[in-house]
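The lines below spell out each chain.
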Number of protein chains: 4
Amino acid sequence: MLEELRKQVLEANLELVRTGLVLYTFGNASGISRNEGLVAIKPSGVPYEKLTPAHMVVTDLSGKVVEGNLRPSSDMATHLELYKHFPNIGGVAHTHSDFATAWAQAERPIPCFGTTHADYFHGAVPVTERLKASEIAGDYEQETGTAICRTFAKLDPDAIPAVLVAGHAPFCWGASPAEAAHNAVILEYVAKMALHTLSINAESRPLARELHDKHFLRKHGRDAYYGQVKTK
Amino acid sequence: MLEELRKQVLEANLELVRTGLVLYTFGNASGISRNEGLVAIKPSGVPYEKLTPAHMVVTDLSGKVVEGNLRPSSDMATHLELYKHFPNIGGVAHTHSDFATAWAQAERPIPCFGTTHADYFHGAVPVTERLKASEIAGDYEQETGTAICRTFAKLDPDAIPAVLVAGHAPFCWGASPAEAAHNAVILEYVAKMALHTLSINAESRPLARELHDKHFLRKHGRDAYYGQVKTK
Amino acid sequence: MLEELRKQVLEANLELVRTGLVLYTFGNASGISRNEGLVAIKPSGVPYEKLTPAHMVVTDLSGKVVEGNLRPSSDMATHLELYKHFPNIGGVAHTHSDFATAWAQAERPIPCFGTTHADYFHGAVPVTERLKASEIAGDYEQETGTAICRTFAKLDPDAIPAVLVAGHAPFCWGASPAEAAHNAVILEYVAKMALHTLSINAESRPLARELHDKHFLRKHGRDAYYGQVKTK
Amino acid sequence: MLEELRKQVLEANLELVRTGLVLYTFGNASGISRNEGLVAIKPSGVPYEKLTPAHMVVTDLSGKVVEGNLRPSSDMATHLELYKHFPNIGGVAHTHSDFATAWAQAERPIPCFGTTHADYFHGAVPVTERLKASEIAGDYEQETGTAICRTFAKLDPDAIPAVLVAGHAPFCWGASPAEAAHNAVILEYVAKMALHTLSINAESRPLARELHDKHFLRKHGRDAYYGQVKTK
């Protein structure tokens with residue numbers, strides 16, 4: 001069941017390890033089959049080197065496990081909330097990668113200081129508000145997803161495929177599990193450069209809107225001309 | 001004698017090397033057999049690549065070598081002090097890992113800025129007071145252990161399994177040598193992110209107590225639901 | 001056609017990967033045959049591990065592809081502008097390497113704080129002005145090249161073989177593709193050390209002109225005495 | 001001639017590469033045979049992967065090459081000056097390692113913030129004064145050595161086996177080429193942690209003199225008790 005999706009989800013999880021974004025088991029990636037309304041996600045707390053596609057847990061959008069003997073990632077409810085509210089996304093990746101997490105802990109959005117950022121994120125990467133005590137005491141992981149969606153009330157999740165959860169870490173997404181993982185890698189790189197940019201010049205200015213648009217649209221949308229084929 | 005413990009202690013020492021926490025011979029891990037009141041610890045100043053389980057030195061809780069021809073780690077007396085005062089711990093790991101050591105040198109506790117920290121340390125990671133000249137002139141390594149225990153007079157060492165020794169470096173512990181080494185790796189990661197968090201926003205606020213509790217208890221204690229099995 | 005040049009260009013691109021300057025496909029190197037007025041450049045958005053010399057795209061100085069089925073790097077027009085205005089250069093390398101990009105994003109020239117810098121760059125590494133909205137809306141990549149050339153109106157591109165494009169990233173050049181890539185590696189190293197220098201002492205002073213001259217001329221020019229043979 | 005010394009010198013140079021202190025050919029280590037008054041040193045600008053013991057250049061203390069076809073390192077005259085004035089040293093290592101070089105560029109001595117530093121350097125690591133224009137114009141490399149010796153007029157080079165040359169980079173030494181290289185590795189580590197210490201707390205205090213003495217003497221001198229054998 002969902003064999004291809006499980007492979008893609010495993011591969012996305014392994015990409016997070018290969019690129020150094022994941023320490024021990026701090027991270028998880030998932031993918032959705034929109035046709036079947038089913039999600040495949042990494043199991044909780046299993047060492048990456050032991051994972052095979054068969055270990056991926058398949059759940060429905062309510063979180064009920066429909067295939068697999070292992071518990072799904074403890075962050076599953078956050079992933080599901082994103083799939084329910086962001087209709088175009090096909091994959092979600094969550095890490096505690098060093099620099100992106102530092103921005104989340106500092107509760108500061110990552111300004112768009114350069115074209116590397118603009119190539120992927122069409123605006124600052126936003127940070128959620130802190131959860132209320134009642135939300136933490138309730139269905140915490142789902143509330144985390146709800147807080148993300150509230151942050152995107154006036155933002156386009158397809159144009160800014162990442163968020164910083166205050167005091168926690170980033171969540172990224174994309175058209176596929178691979179793209180979600182790719183965006184997590186880029187986010188970490190952008191977060192690192194943004195910190196260094198501020199260290200050099202605390203008054204650094206964000207990119208002009210025209211250049212931000214230019215770079216984002218060079219890679220995305222109808223008139224993209226980066227790479228060998230349209231990326232979307 | 002204590003063959004299994006020696007293996008575990010060697011493995012914990014090697015984990016510190018594999019994860020990049022140890023430069024040359026700057027680090028040591030040990031384990032205790034509570035039944036026999038014996039401790040196995042890395043020998044002093046022997047290159048890691050030459051170590052076998054048989055090189056681990058076995059001592060009693062007074063520091064008397066009961067097996068092994070090599071001198072134990074020069075920090076042994078600190079380890080013993082921890083085993084004597086923290087009755088639930090089964091392993092101790094000491095490194096001079098870069099970022100945790102920097103916090104120890106800066107004589108600042110590491111605030112809990114995020115859930116990565118909260119998953120492992122139920123509160124700020126404390127820093128000891130400086131040793132007095134008389135303590136340095138006395139049994140220095142044992143006094144270091146005494147200073148750590150004083151720091152935990154009102155703290156629970158099972159809930160905060162790490163300390164920063166002022167002007168020196170971190171000591172970590174856990175239920176086993178492996179867990180002690182694991183906590184040393186996490187501490188370094190948390191220390192690194194905390195420094196970056198302050199670089200981004202010098203006014204960064206610690207996590208709300210509710211979220212700190214939520215994450216710590218998600219992984220620890222009776223109602224833990226992280227991973228495939230209870231971690232304790 | 002231009003078989004040797006294609007090999008050199010591929011090798012320069014791979015050096016950027018080997019030295020960790022390039023994340024995914026963020027970078028490109030090219031070389032020129034001055035006799036034939038032809039440029040070989042990396043294709044756009046093709047993973048490095050798949051590249052062979054035959055994938056290098058050959059264009060004339062107007063940007064017309066004269067050999068190859070792939071699209072050239074989207075930054076090609078910037079490279080061409082440099083070849084047209086800097087008559088002695090044989091190669092160009094562009095990366096989004098972390099620290100050099102941070103200086104570009106901070107819109108600050110990299111001061112010459114030490115002899116490592118002076119060995120390669122005979123003065124501060126300059127930063128361009130921001131492009132105007134009309135330049136971004138026009139032939140953006142060519143305008144980027146024009147902005148670089150404006151920055152060098154009173155500077156010698158042979159003595160300072162690098163520039164920071166404001167809000168974008170560095171471009172480097174040299175007598176050959178290999179030297180351009182080499183300069184990109186050095187620039188990143190120099191950019192990293194300059195940031196750390198300012199972190200230690202915000203009032204750090206640039207090198208005295210005499211020492212700057214001494215080191216640059218020790219490696220370059222008629223009386224060079226570094227290495228086994230004259231480097232130029 | 002001096003076969004064993006050449007091997008040791010090559011090995012010390014390779015240790016600098018293995019530990020990541022050397023970019024391309026930015027570094028050199030040498031060793032002296034006090035009996036014969038001869039020094040073996042790395043040749044200038046030869047890639048490390050090609051070096052064999054036979055490539056090491058042998059000179060007398062005046063810098064005259066007595067064996068070898070290659071030019072010695074351009075920094076040779078600095079090494080010779082150190083051998084002439086520091087009678088107990090057997091090896092010298094010079095790198096442009098990132099963090100130590102940043103301190104040299106910032107023209108700040110590295111304070112002793114912790115026991116890692118105290119284990120190796122019995123006091124702050126000093127920084128030279130800037131060279132005068134006349135010294136730069138004269139025998140520059142020898143004058144660099146003279147400036148180092150002036151810096152040690154009231155310091156003991158055997159107790160502080162490293163210096164930061166202002167606007168240049170560190171030089172380290174030791175009883176043998178291996179120890180010189182080892183000290184260069186430690187210095188880089190100490191320099192990195194000292195920068196992070198100041199980033200966490202700009203008012204960080206140096207170690208108390210008693211603890212500084214305790215750690216240095218624990219590893220060095222008559223009553224050393226670190227490791228399996230006396231280190232000196």
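How each quantity is defined
Residues numbered from 1 in each chain as written. Chains lettered and ligands numbered in written order. Predicted model: local features only at pLDDT ≥ 70, side-chain atom pairs only at ≥ 80, totals over all residues. Heavy atoms only, no water. Helix = DSSP H or I, 4+ residues; strand = E, 2+ residues; numbered from the N terminus. Rg over C-alpha atoms; globule rule 2.2 N^0.38 Å. Buried < 20%, exposed > 50% of the residue type's maximum accessible area, 1.4 Å probe, protein only. Contact = heavy atoms within 4.5 Å. Areas by Shrake-Rupley, 256 points an atom, 1.4 Å probe, with all protein chains shown as cover. Buried area = accessible area lost by both parts, 1.4 Å probe. Polar contact = N/O pair within 3.5 Å; in protein donor to acceptor, adjacent residues only side chain to side chain. Pairing = 2+ DSSP bridges. Axes fitted to C-alpha atoms, helices over the stretch in contact; angles between N-to-C directions. Salt bridge = Lys/Arg side-chain N within 4 Å of Asp/Glu carboxyl O. Least-squares fit on C-alpha atoms with pLDDT ≥ 70 in both. Left-handed = near helix turned anticlockwise from the far one by under 90°. Nonpolar A, V, L, I, M, F, W, Y, C, P; charged D, E, K, R; others polar. Expected span 1.5 Å × (residues − 1). Phe/Tyr/Trp six-rings, centres within 6.5 Å; stacked < 30°, edge-to-face > 60°. Lys NZ or Arg CZ within 6 Å of the ring centre and 35° of its normal.

Novice: Any chance you could explain the overall build of chain A here in plain terms?
Specialist: Across its full length, chain A carries eight helices and seven strands. Relative to the 2.2 N^0.38 estimate, which gives 17 Å for 232 residues, the radius of gyration of chain A is 17 Å and therefore close to what a compact globule would have. In chain A, buried positions account for 62% of the 232 residues. Within chain A, counting contacts between residues at least 6 apart in sequence, those at least 24 apart form 64% of the total. Accessible surface, chain A as shown: approximately 8,600 Å² in total, 53% of it carbon and sulfur.

Novice: Would you mind showing me how to read the interface of chain C and chain A here?
Specialist: It is common to report an interface's size as the accessible area lost on association of the parts. Opposite the 32 residues of chain C that make contact, chain A presents 36 residues. Its largest share of buried area at the contact with chain A, chain C owes to Tyr24, Arg71 and Gln105 of chain C, together 21% of the area lost on that side. For the interface between chain C and chain A, the tally reads 17 residue pairs in polar contact (both at pLDDT 80 or more). Of all elements in the fold, only helix 3 (98–106), helix 5 (133–137) and helix 6 (140–151) of chain C reach the threshold of two or more residues within the side of chain C that touches chain A.

Novice: Looking at this model, I keep getting lost on the sheet that holds strand 1 (residues 27–33) of chain B. Mind explaining?
Specialist: All names here are of chain B. Taken in spatial order, the seven strands make up an open sheet running 4-3-2-1-5-7-6, and their pairing is antiparallel. Looking at the sheet topology across the chains shown, the edges are occupied by strand 4 (65–67) and strand 6 (162–164). For this sheet, the mean inter-axis angle between neighbouring strands, taken without regard to orientation, is 25 degrees. Direction of pairing for strand 5 (residues 91–95) relative to strand 7 (residues 170–174): antiparallel, over a ladder of four bridges. Paired with Gly91 across the two strands is Gly174, which belongs to strand 7. Each of strand 5, strand 6 and strand 7 touches helix 3 (residues 98–106); the most contacted strand, strand 6, lies at about 55 degrees to it. Of the strands in this sheet, strand 1, strand 5, strand 6 and strand 7 are in contact with helix 7 (residues 177–200), which crosses strand 7 at around 135 degrees.

Novice: What should I look at first to understand the interface of chain B and chain D in this one?
Specialist: Across the contact, 32 residues belong to chain B and 36 residues belong to chain D. Taking both partners together, chain B and chain D bury about 3,100 Å²; carbon and sulfur atoms supply 53% of that area. In terms of surface lost to chain D, no three residues of chain B exceed Tyr24, Arg71 and Gln105 of chain B, which account for 21% of the buried area on that side. At the surface where chain B touches chain D, the tally comes to four salt bridges. A salt bridge links Arg218 of chain D to Glu141 of chain B, with the nearest nitrogen and oxygen atoms 2.6 Å apart.

Novice: I would appreciate a short explanation of the relation of the copies chain B and chain D in the present structure.
Specialist: Relating one copy of the chain to the other requires a rotation about an axis plus a shift along that axis. When chain B is fitted to chain D, the residual RMSD is 0.0 Å, and the transformation amounts to a turn of 90 degrees plus an axial shift of 0.0 Å. The superposition of one copy onto the other is thereby described by a four-fold rotation axis. Among all C-alpha atoms of chain B, that of Ser199 of chain B lies closest to the rotation axis, at 5.5 Å.

Novice: What am I meant to see in the sheet that holds strand 5 (residues 91–95) of chain D here?
Specialist: Strand pairing within a sheet occurs via backbone hydrogen bonds; the two strands may be parallel or antiparallel. Residues and elements named next belong to chain D. On the basis of which strands lie adjacent, the open sheet formed by seven strands has the order 4-3-2-1-5-7-6 and antiparallel pairing. Every interior strand has two partners, whereas the edge strands, strand 4 (65–67) and strand 6 (162–164), have only one. Averaged over all pairs of adjacent strands, the angle between their axes in this sheet comes to 25 degrees, without regard to strand direction. Across the face of the sheet, helix 3 (residues 98–106) comes into contact with strand 5, strand 6 and strand 7 (170–174) while running at roughly 55 degrees to strand 6.

Novice: Could you clarify how one ought to interpret the arrangement of the chains in this entry?
Specialist: No part of chain B reaches chain C; the closest C-alpha pair between them is 11 Å apart. Chain A shows no contact with chain D. Their nearest C-alpha atoms sit 11 Å apart.

Novice: What should I look at first to understand unusual backbone geometry in this one?
Specialist: Despite not being glycine, Glu107 of chain B shows a phi value in the positive range, around 55 degrees. When you line up the elements, Glu107 of chain B lands in the loop between helix 3 and helix 4 (115–118). Overall, the relative accessible area of 19% leaves Glu107 of chain B in the buried class. For Tyr24 of chain D, which is not glycine, the phi dihedral falls at a positive 50 degrees. Checked against the element boundaries, Tyr24 of chain D lands in the loop between helix 1 (3–18) and strand 1 (27–33).

Novice: I keep staring at the packing of helix 2 (residues 76–85) of chain B against helix 6 (residues 140–151) of chain B and nothing clicks. Help me out?
Specialist: In a pair of packed helices, the angle between the axes and the distance between the axes together describe the arrangement. All names here are of chain B. In the contact formed by helix 2 and helix 6, the axes pass within 7 Å of each other and the chain directions differ by 35 degrees. Our pair here, helix 2 against helix 6, has a crossing hand that is right-handed. Here Ala77, Thr78, Glu81, Leu82 and His85 of helix 2 lie close against helix 6, whose contacting residues are Glu141, Gln142, Thr144, Gly145, Thr146, Ile148 and Cys149. Looking at the contact of helix 2 with helix 6 residue by residue, the classes come out as four nonpolar, six polar and two charged.

Novice: How do you make sense of the pairing of strand 2 (residues 38–41) of chain D when you look at a structure like this?
Specialist: One face of the sheet, then the other: side chains in a regular strand alternate in exactly this way. Residues and elements named next belong to chain D. By the alternation rule, side chains of strand 2 split into Leu38 and Ala40 and Val39 and Ile41, which are all buried. Note: strand 2 against strand 3 (residues 57–60), four bridges, orientation antiparallel. Its bridge partner lying in strand 3, Ala40 is registered against Val58.

Novice: Explain the pairing of strand 3 (residues 57–60) of chain B here, please?
Specialist: The pairing of strand 3 of chain B with strand 4 of chain B spans two bridges and is classified as antiparallel. Note that in strand 4 of chain B the partner of Thr59 of chain B across the bridge is Val65 of chain B.

Novice: What exactly am I supposed to notice about the pattern of salt bridges here?
Specialist: Any two side chains of opposite charge can pair, so long as their charged atoms come close to each other. Enumeration over the complete set of coordinates arrives at 44 salt bridges over all chains. With a shortest N-O distance of 3.8 Å, Glu81 of chain D and Lys84 of chain D are connected by a salt bridge. Highlighted residues: Glu81 of chain D and Lys84 of chain D, both in helix 2 (residues 76–85), separated by three residues, approximately one helical turn. When its relative accessible area of 7% is taken as the criterion, Glu81 of chain D is described as buried. For Lys84 of chain D, a relative accessible area of 44% corresponds to the partly exposed category. Among the charged side chains, a network of salt bridges with common partners joins Glu11, Glu15 and Arg18 of chain A.

Novice: Mind showing me how you'd approach the environment of Ala169 of chain C here?
Specialist: Topologically, Ala169 of chain C is positioned in the loop between strand 6 (162–164) and strand 7 (170–174). Discounting residues that sit within four places of it in the chain, Ala169 of chain C has contacts with His94, Thr95, His96, Thr101, Ala104, Val163 and Leu164 of chain C.

Novice: What is the right way to read the environment of Ala178 of chain C from this model?
Specialist: Note on placement: Ala178 of chain C falls in helix 7 (residues 177–200). Residues Ala178 of chain C and Leu10 of chain C, spaced 168 residues apart in sequence, show a C-alpha to C-alpha distance of 9.6 Å.

Novice: Help me understand helix 1 (residues 3–18) of chain A, please; the structure alone is not making it clear to me.
Specialist: Structurally, the α-helix is built with 3.6 residues per turn, so residues lying three or four positions apart point the same way. All names here are of chain A. Taking 1.5 Å of rise per residue, 16 residues should cover 22 Å, and helix 1 covers 22 Å from first to last C-alpha, within 8% of that figure. Residues of helix 1 that are buried: Leu5, Arg6, Val9, Leu10, Ala12, Asn13, Glu15 and Leu16. Packing partners of the buried residues in helix 1 comprise strand 1 (27–33), strand 2 (38–41), strand 3 (57–60), strand 4 (65–67), strand 5 (91–95) and helix 7 (177–200). With its phi angle positive at about 80 degrees, Gly20 sits one or two positions after the end of helix 1.

Novice: Can you help me understand the side chain of His215 of chain A in this one?
Specialist: As for its placement among the helices and strands, His215 of chain A is situated in helix 8 (residues 209–219). There is a polar contact of 2.8 Å between the side chain of His215 of chain A and the side chain of Asp119 of chain A. Excluding residues within four positions of it along the chain, His215 of chain A makes contact with Thr115, Ala118 and Asp119 of chain A together with Tyr140 and His168 of chain C.

Novice: It is not clear to me how the environment of Pro87 of chain A should be interpreted in this structure. Could you clarify?
Specialist: Structurally, the position occupied by Pro87 of chain A is in the loop between helix 2 (76–85) and strand 5. A sequence separation of 71 residues divides Pro87 of chain A from Asp158 of chain A, and the C-alpha atoms of the two residues are 9.4 Å apart.

Novice: For this particular structure, what's the right way to read the packing of aromatic side chains?
Specialist: Both the distance between ring centres and the angle between the ring planes are used here to describe each pair of aromatic rings. A full pass over the atoms with the stated rule returns 24 aromatic pairs over all chains. An angle of 45 degrees between the planes, with centres 6.0 Å apart, marks the rings of Tyr120 of chain A and Phe26 of chain C as tilted. Within this pair, whereas Tyr120 of chain A is found in the loop between helix 4 (115–118) and helix 5 (133–137), its partner Phe26 of chain C is found in the loop between helix 1 (3–18) and strand 1 (27–33), the two belonging to separate chains. Side by side, Tyr120 of chain A and Phe26 of chain C carry an identical accessibility label, which is buried. What links up through ring pairs into an aromatic cluster is the set Phe26 of chain A together with Tyr120, Phe121 and Tyr189 of chain B. Lys42 of chain B extends its terminal NZ or CZ atom over the ring of Tyr48 of chain B, reaching a point 4.6 Å from the ring centre.

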